[in-house]
Amino acid sequence: MNKLRNKMVACFMALVMAMGFATVAQTTTTVQAKKSYNAFLYYTNSDWSCKNQSDWIANTSVKNKKGKKRYTVTLKRSDCIGESIANKAKEGPVSDHEEISVYIQDITKDHAEKNLKVSNIVVKCDGKKVKIKQSKVKKYVQKSEDGSKSYVLMLYYVYGSQSAKAKAFKWSDKISVSFDLNIKK
């Protein structure tokens, strides 16, 4: 009787294991394209008294749909994080640069850079339009330390002795960047 019971248990276990392997074999992981991507305004002024490097501030959702759509990211002065002079003295000199960029996170996982066309970029400081040359805006893919990739629109960047010359970009309440994004494929 024990032999029969042991054989039945062994057959049952073999059946359970076979079903488990069949289930694992049938399970495949397919990577789904995202429904949307996070875009945010990256900003630093020359003394870093106002900066935003956070992707949850001054952000918007970019839809993963073919075609052209307009987006705006806005940074309010009240949302800026600033470096105190005492903190700067402890940490040493900060990277003396000014930058205004828009990062669209992870979009290049689903779309080749050549299929992303950005146009009609408008920068407003406290509601006043700032003239920028569309042809001077640098567009590139930047890989982060964690392996993620962002499509970057670098609107303004100066470093070192050229810093603090961004008079056109002076603002006290808010700065916004609007742009058209055409996803071709």
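Computed from a prediction, not measured in an experiment: that's the story for all the values here.

Conventions we followed
- Residues numbered from 1 in each chain as written.
- Predicted model: local features only at pLDDT ≥ 70, side-chain atom pairs only at ≥ 80, totals over all residues.
- Heavy atoms only, no water.
- Buried < 20%, exposed > 50% of the residue type's maximum accessible area, 1.4 Å probe, protein only.
- Helix = DSSP H or I, 4+ residues; strand = E, 2+ residues; numbered from the N terminus.
- Pairing = 2+ DSSP bridges.
- pLDDT = per-residue confidence, 0-100.
- Contact = heavy atoms within 4.5 Å.
- Salt bridge = Lys/Arg side-chain N within 4 Å of Asp/Glu carboxyl O.

The subject of this paragraph is the pairing of strand β1 (residues 36-44). Across the nine residues of β1, seven count as buried, placing the element largely inside the fold. As defined by bridge partners, β1 adjoins strand β3 (residues 59-63) across five bridges and the pair is classed as antiparallel. Bridging from a neighbouring strand, Y37 pairs with V62 of β3. Both β1 and strand β5 (residues 97-105) contribute to a ladder of six bridges, which runs antiparallel. Along β5, the bridge assignment pairs A39 with I104. Sheet topology note: the β1/strand β2 (residues 51-52) ladder contains two bridges and is antiparallel. Bridge pairing in β2 places Y43 opposite N52. The antiparallel hairpin formed by β1 and β2 contains six residues in its connecting segment, where W48 sits at a positive phi of about 60 degrees.

Averaged over the protein chain, the pLDDT score is 79; the fraction of residues at 70 or greater is 71%. The model gives residues 21-29 a pLDDT under 50, and that stretch makes zero contacts with residues more than four places away or in other chains.

Now for the pattern of salt bridges. Enumeration over the complete set of coordinates arrives at three salt bridges. We note a salt bridge from K34 to D106, for which the minimum N-O separation is 3.0 Å. Here K34 is found in the loop between α1 (2-26) and β1, whereas its partner D106 is found in the loop between β5 and α3 (107-110), with 72 residues between them in sequence. Relative accessible area serves as the criterion here: at 38%, K34 is assigned to the partly exposed category. With a shortest N-O distance of 3.9 Å, K109 and D106 are connected by a salt bridge. A relative accessible area of 56% places K109 in the exposed class. The exposure class of D106 is buried, given its relative accessible area of 13%.

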